[in-house]
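Read off the chains here:
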Amino acid sequence: NSQIDDGEVIDFRCPTTAMYVNANTMSWEFIEIVTRDAWTIEEVGHFFRRYISILQNMLAEDGFILSLGSPEVRLPGNCFDLGPQNIVQGIDGKHVAIDTEWALRDEVELGHLLFRSLLLMMNSVTRFGQNSTGKLFSRIEFVKSVFASIGFVGPLRLLDCARSRRLRLPGI
């Protein structure tokens, strides 16, 4: 397991070998939702609630029993790269992490992980379908609406978003 020190915040750990899992990533489900016409924010919220549940189960398997009911919940730093784009469901139905080379040296807030995951997945979509209300969302409106749909109500402060963006990888 080689490790490159990227300063005081984040580490890159490239395994010498990695297990191959022939499956679609969870992020593919997000893409399928938002690229078809008549999608709803509630569907996106359901996707993220399911992702949070899967994340909670994966953490429990590693001995971390956490209630993920708030965006302020702090997760181990190795969860930084554990977004839907890096989770697949195996043939046995069990969810498996893939491509999780990046890890924070400190903990990561659930809200940050959700915010980062949402931005990464939004960036992978070339065309959003027409949503059921016909509303055109700005990026921040979409993020706020998704957070509200999963019950993370209250202000999604732009300062928090800016703080999350400072902890980003190059090119993201």
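Nothing here was measured: the structure is a model prediction, and the numbers come from that model.

Topic: the environment of Phe 80
Now for step 1: For Phe 80, the position within the fold is in the loop between β3 (74–75) and β4 (87–89).
Now for step 2: For Phe 80, a relative accessible area of 0% corresponds to the buried category.
Now for step 3: For the pair formed by Phe 80 and Ala 103, sequence separation is 23 residues and the distance between their alpha carbons is 5.5 Å.

Some thoughts on the packing of aromatic side chains
Now for step 1: By the definition in use, this model includes 11 aromatic pairs.
Now for step 2: When the centroid spacing of 5.2 Å and the interplanar angle of 90° are considered together, the rings of Phe 47 and Phe 48 count as edge-to-face.
Now for step 3: For Phe 47, a relative accessible area of 3% translates into the label buried.
Now for step 4: By relative accessible area, Phe 48 is classed as buried at 1%.
Now for step 5: Taken together, the aromatic side chains of Phe 30, Trp 39, Phe 47, Phe 48, Tyr 51, Phe 128, Phe 137 and Phe 142 make up a single cluster linked through ring pairs.
Now for step 6: Note that Arg 116 overlies the ring of Phe 80, its terminal NZ or CZ placed 4.1 Å from the centroid.
Now for step 7: Seen from the ring of Phe 137, Lys 135 lies directly overhead, with NZ or CZ sitting 5.3 Å from the centre.

Focus: helix α2 (residues 41–61)
Now for step 1: The end-to-end C-alpha distance of α2 is 30 Å, a good match for the 30 Å that 21 residues give at a rise of 1.5 Å each.
Now for step 2: Within α2 the residues assigned to the buried category are Ile 41, Val 44, Gly 45, Phe 47, Phe 48, Tyr 51, Ile 52, Ile 54, Leu 55, Met 58 and Leu 59.
Now for step 3: In this structure, the buried side of α2 is in contact with α1 (26–34), β3, β4, β5 (95–97), α3 (110–124) and α4 (139–149).
Now for step 4: Two residues or fewer past α2, Gly 63 is found with a positive phi of approximately 90°.

Rules behind the numbers
Residues numbered from 1 in each chain as written. Predicted model: local features only at pLDDT ≥ 70, side-chain atom pairs only at ≥ 80, totals over all residues. Heavy atoms only, no water. Helix = DSSP H or I, 4+ residues; strand = E, 2+ residues; numbered from the N terminus. Buried < 20%, exposed > 50% of the residue type's maximum accessible area, 1.4 Å probe, protein only. Phe/Tyr/Trp six-rings, centres within 6.5 Å; stacked < 30°, edge-to-face > 60°. Lys NZ or Arg CZ within 6 Å of the ring centre and 35° of its normal. Expected span 1.5 Å × (residues − 1). Contact = heavy atoms within 4.5 Å.

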